Amino acid sequence: MLAVENLVAGYPSGGSVLKGVTFDVAKGEVVALLGRNGMGKTTLMRALAGQLAKQSGSFRLDGRDLGGSPSYAIANAGIGYVPQGREIFKDFTVEENLLMGVLGKPNLPKRLPGDIYDFFPILGERRKQKAGTMSGGQQQQLAIMRCLVGQPKLVLLDEPSEGIQPSIVDEIGRTLQTIARSTGLTILVVEQNLDFVETLAGRALFMENGVIADRADHIGELRDKPELVHRYLSI
Amino acid sequence: MEATIALLLDTANFTLALLLVTLGLVVIFGLMNVINMAHGEFFLIGAYVVVAVSNATGSFWLGLLLAPAVLAVVGLLVEWLIIRHIYHRFIDTILATWGLSLVIKQGVVVLFGPGAQIPAAVDVFGVQYPAYRLFIMALSAALALATYYLFFRTRLGLQIRGVIANRAMAASLGINTRRMDRATFAVGSALAGFAGAVMAPIMSVDPQMGVGFLIPSFLSVLVGGVNSLVGALIGSGVIGGATTIFSAGISQADAQILVFLLAMIIIRFLPNGITGGRK
């Protein structure tokens, strides 16, 4: 579904952070992207979301080249993005935040589906509340649903557990797993929390210095081969 | 008594026109971070559309109707030809739109001459002057309300406010930010054009009138609070009200000085404007 080939990207002033990233994600897979801070994980997510221009290489979704497209076109082609830090609209209500997930989509009705609050019922209880007044965990649930309501084919999920209390992290992990299994949603997730990764992902890629340096083709290898975790994640 | 009513009418009239110009300035700045120095000239074009149309057809009302439409097109063209290429270069947008304002002003001088114009139809309303003004004020108020409705109650408005709040994220949700930019620039320009058309019969229509309106409009933004549509309302009220009330008692120039002083005092104590709160 997603085919990334020799992707080079970075910041206009600071040269390239990604130095030729190549990997594939098949439909229905949940793939974890692991690595220490500063290795290029978030840069890769932002490049795939179109928020950073690529310098060379390509990435395709279902064969369609999206490298160089503006981010709204990438979103409408089916790549959903839940960024690090959540980036919800703080002054909007929960409901308005969710509406933002469908209003730009040319093929979706401009209203929220009736079952939108089934996965995270707390959002339904707070739908008239300003999103900025909610806890970090609730904001993360909102950011995830705001993405999913746009019916993406692939979701880029950047550090969903960051700064969130453990009980909510578990809930988010289990709910995402339920959604992924029942809908065949494809997810690429950057995450530091290995428990969360093991709950959700089927396999893992390790990033180092702007390239995919290694992989674990089965998520169990994170436990079976401690040297992988040690080499790419320990500080 | 009559003098008081006339003064109140003057104040309300000027304030409403100022509000329309200020709203345009605020939405364009809020969305695109562009300070449109040519915004006063959009007001100017609006007034000259009324002059040209009413001279040609004898109908003031046709001019009033056409002015916002003409300015919406002008806004789209300016956005497409100039702004979209430089909107991420803040200083350059100020320079470019300032240059544009000079071009428009001189263009008007070439077409209409440097002197003041009077729209031909003003004398043939067939209604009393105050009645016209009341109607115009109602129309301006309705347009300002419609603008607030558009931004706070419609889905287009929600998207535009989303782009203002977080452009990158709104785009990553599939919202075509370019389209929002164009729509906002057109709406903002049309508001200025309508304000110019409304003011044409009651102020001196000359090539300098745009600057005369842009300065109080900037003051309104600063006093009311940048990035706030409610601030635009409050700021226009303060500046518009102060300008006309001061002008009633003393000379124009002295009134200007007092208005500037007032603005400086407000900004001294509320650096982010009245809606921005204390820093």
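Counting restarts for each chain, with residues numbered from 1 along the sequence as it is written. In the order they appear in the text, chains get letters beginning with A and ligands get numbers beginning with 1. In view of the model being predicted, local features appear only for residues whose pLDDT reaches at least 70, and side-chain atom pairs are presented and counted only at 80 or more, with totals across whole chains, interfaces and linings using the full set of residues.

### Some points on the overall build of chain A
Thinking step 1. Elements are defined by DSSP. Helices are runs of H or I of four residues or more, strands are runs of E of two residues or more, and each kind is numbered from the N terminus. The helix and strand inventory of chain A stands at nine helices and ten strands.
Thinking step 2. By the compact-globule yardstick of 18 Å for 235 residues, chain A fits well, its C-alpha radius of gyration being 17 Å.
Thinking step 3. Overall size of chain A, expressed as C-alpha extent along the three principal axes, is 45 × 35 × 35 Å.
Thinking step 4. In chain A, which comprises 235 residues, the share counted as buried stands at 46%. Taken over C-alpha atoms, the radius of gyration is set against a globule rule of 2.2 Å times the number of residues to the power 0.38. Buried means a residue has 20 or more other C-beta atoms within 10 Å of its own C-beta, exposed means 12 or fewer, and partly exposed covers the counts in between; C-beta atoms are placed from the backbone.

### Regarding the packing of helix H9 (residues 209-224) of chain B against helix H10 (residues 229-249) of chain B
Residues and elements named next belong to chain B.
Thinking step 1. Only C-alpha atoms enter the line fits that serve as axes; for helices the fit covers just the stretch in contact. Angles between N-to-C directions range over 0 to 180 degrees. At a minimum axis separation of 7 Å, H9 and H10 run at an interaxial angle of 125 degrees. Classified by the angle between their axes, H9 and H10 sit oblique to one another. Seen from above, H9 lies across H10 with right-handed handedness. The segment H9 lies against H10, with Pro216, Leu219, Ser220, Val221, Val223 and Gly224 engaging Gly231, Ala232, Ile234, Gly235, Ser236, Val238, Ile239 and Thr243.
Thinking step 2. Under the scheme applied, nonpolar residues are Ala, Val, Leu, Ile, Met, Phe, Trp, Tyr, Cys and Pro; charged residues are Asp, Glu, Lys and Arg; polar residues are all the others, including Gly. In the contact of H9 with H10, the residues fall into eight nonpolar, six polar and no charged. Should an angle fall under 35 degrees it is taken as roughly parallel, and over 145 as roughly antiparallel, whereas 65 to 115 is taken as roughly perpendicular and any remaining angle as oblique. Crossings are assigned a handedness: left-handed for a near helix turned anticlockwise from the far helix by less than a right angle, right-handed for a clockwise turn. By the convention adopted here, residues are in contact when the distance between their C-beta atoms, placed from the backbone, does not exceed 7 Å.

### Regarding helix H1 (residues 2-32) of chain B
Thinking step 1. To estimate the expected span of a helix, subtract one from its residue number and multiply by 1.5 Å. The first and last C-alpha atoms of H1 of chain B sit 45 Å apart over 31 residues, in line with the 45 Å expected at 1.5 Å per residue.
Thinking step 2. Backbone geometry just after H1 of chain B places asparagine 33 of chain B at a positive phi near 55 degrees.

### Structural notes on the interface of chain B and chain A
Thinking step 1. With 16 residues of chain B at the contact, the number on the chain A side is 22 residues.
Thinking step 2. Elements that contribute at least two residues to the side of chain B that touches chain A include exactly helix H6 (155-165) and helix H7 (167-172) of chain B.
Thinking step 3. Of the residues belonging to the side of chain B that touches chain A, the class tally is eight nonpolar, seven polar and one charged.

### A word on the pairing of strand S4 (residues 54-61) of chain A
Residues and elements named next belong to chain A.
Thinking step 1. Pairing between strands is defined by DSSP: at least two bridges between the two strands are required. Strand direction decides the pairing type here: strand S1 (residues 2-10) and S4, joined by six bridges, are antiparallel. Of the residues in S4, the one forming a bridge with alanine 3 is arginine 60.
Thinking step 2. In terms of strand pairing, S4 meets strand S5 (residues 64-65) through two bridges, oriented antiparallel. Within S5, the position partnered with arginine 60 by the bridge is aspartate 65.

### A few points about the environment of phenylalanine 206 of chain A
All names here are of chain A.
Thinking step 1. Relative to the assigned elements, phenylalanine 206 resides in strand S9 (residues 203-208).
Thinking step 2. Judged by the 21 C-beta atoms lying within 10 Å of it, phenylalanine 206 is buried.
Thinking step 3. As for phenylalanine 206 and leucine 142, which are separated by 64 residues in sequence, their C-alpha atoms are 28 Å apart.
Thinking step 4. Setting aside chain neighbours within four positions, we find phenylalanine 206 in contact with Leu34, Gly35, Ala213, Asp214, Arg215, Leu228 and Tyr232.

### Some words on the sheet that holds S4 of chain A
All names here are of chain A.
Thinking step 1. The strand order across the open sheet built from four strands is S2-S1-S4-S5, with neighbouring strands paired in antiparallel fashion. Strands at the two margins of the open sheet, each flanked by one partner only, are strand S2 (16-25) and S5.
Thinking step 2. Strands in contact with helix H1 (residues 41-48) are S1, S2 and S4; relative to S2, the strand with the most contacts, it is inclined by about 70 degrees.

### A few points about the sheet that holds strand S6 (residues 79-82) of chain A
All names here are of chain A.
Thinking step 1. With mixed pairing, the six strands of this open sheet are ordered in space as S6-S7-S8-S3-S9-S10. Because the sheet does not close on itself, it has two edges, and the strands there are S6 and strand S10 (211-216). Averaged over all adjacent pairs, the angle separating strand axes in this sheet is 20 degrees, with direction ignored.
Thinking step 2. Those strands touched by H1 are strand S3 (30-34), S6, strand S7 (154-158), strand S8 (186-190) and S9, and its axis lies near 145 degrees from that of S7.

### What to know about the nonpolar core
Thinking step 1. The term nonpolar core refers to a group of buried residues, namely Ala, Val, Leu, Ile, Met, Phe, Trp, Tyr and Cys, whose C-beta atoms join them within 7 Å. Core analysis: the largest hydrophobic core is formed by 154 residues, its most contacted members being Leu33, Leu156 and Val189 of chain A together with Leu20, Ala47, Val50 and Ala195 of chain B.
Thinking step 2. In terms of residue count, the dominant contributor to this core is H1 of chain B (14 residues).
Thinking step 3. If we skip the residues at most four places from it in the chain, valine 189 of chain A touches Val30, Ala32, Leu33, Leu157, Leu200 and Ala201 of chain A.

### Topic: the pairing of S9 of chain A
Residue and element names in this part refer to chain A.
Thinking step 1. Bridging between S3 and S9 involves four bridges; their strand directions are parallel. Looking at the pairing, leucine 34 lines up with phenylalanine 206 of S9.
Thinking step 2. Pairing between S9 and S10: five bridges, direction antiparallel. What sits directly across from alanine 204, in S10, is alanine 216.
Thinking step 3. Here S9 folds back onto S10, and the loop between the two strands holds two residues, one of which, asparagine 209, carries a positive phi near 50 degrees.

### Notes on unusual backbone geometry
Thinking step 1. One non-glycine residue, asparagine 209 of chain A, adopts positive backbone phi at about 50 degrees.
Thinking step 2. If you trace the backbone, asparagine 209 of chain A turns up in the loop between S9 and S10.
Thinking step 3. Positive phi values are uncommon outside glycine, yet asparagine 33 of chain B reaches one of about 55 degrees.
Thinking step 4. Assignment of secondary structure puts asparagine 33 of chain B in the loop between H1 and helix H2 (39-57).
Thinking step 5. The exposure class of asparagine 33 of chain B is partly exposed, given the 14 C-beta atoms found within 10 Å.

### Let's talk about the packing of H1 of chain B against H9 of chain B
The axes of two packed helices give the description: the angle between them and the distance between them.
All names here are of chain B.
Thinking step 1. Contact pair H1 / H9: the axes reach a minimum separation of 9 Å and the direction vectors enclose 65 degrees. In terms of axis orientation, H1 runs roughly perpendicular to H9. In this structure, the crossing between H1 and H9 has a hand that is right-handed. The segment H1 lies against H9, with Leu18, Val21, Thr22, Leu25 and Val26 engaging Phe213, Pro216, Ser217, Ser220 and Val221.
Thinking step 2. Among the residues forming the contact of H1 with H9, the class breakdown is seven nonpolar, three polar and no charged.

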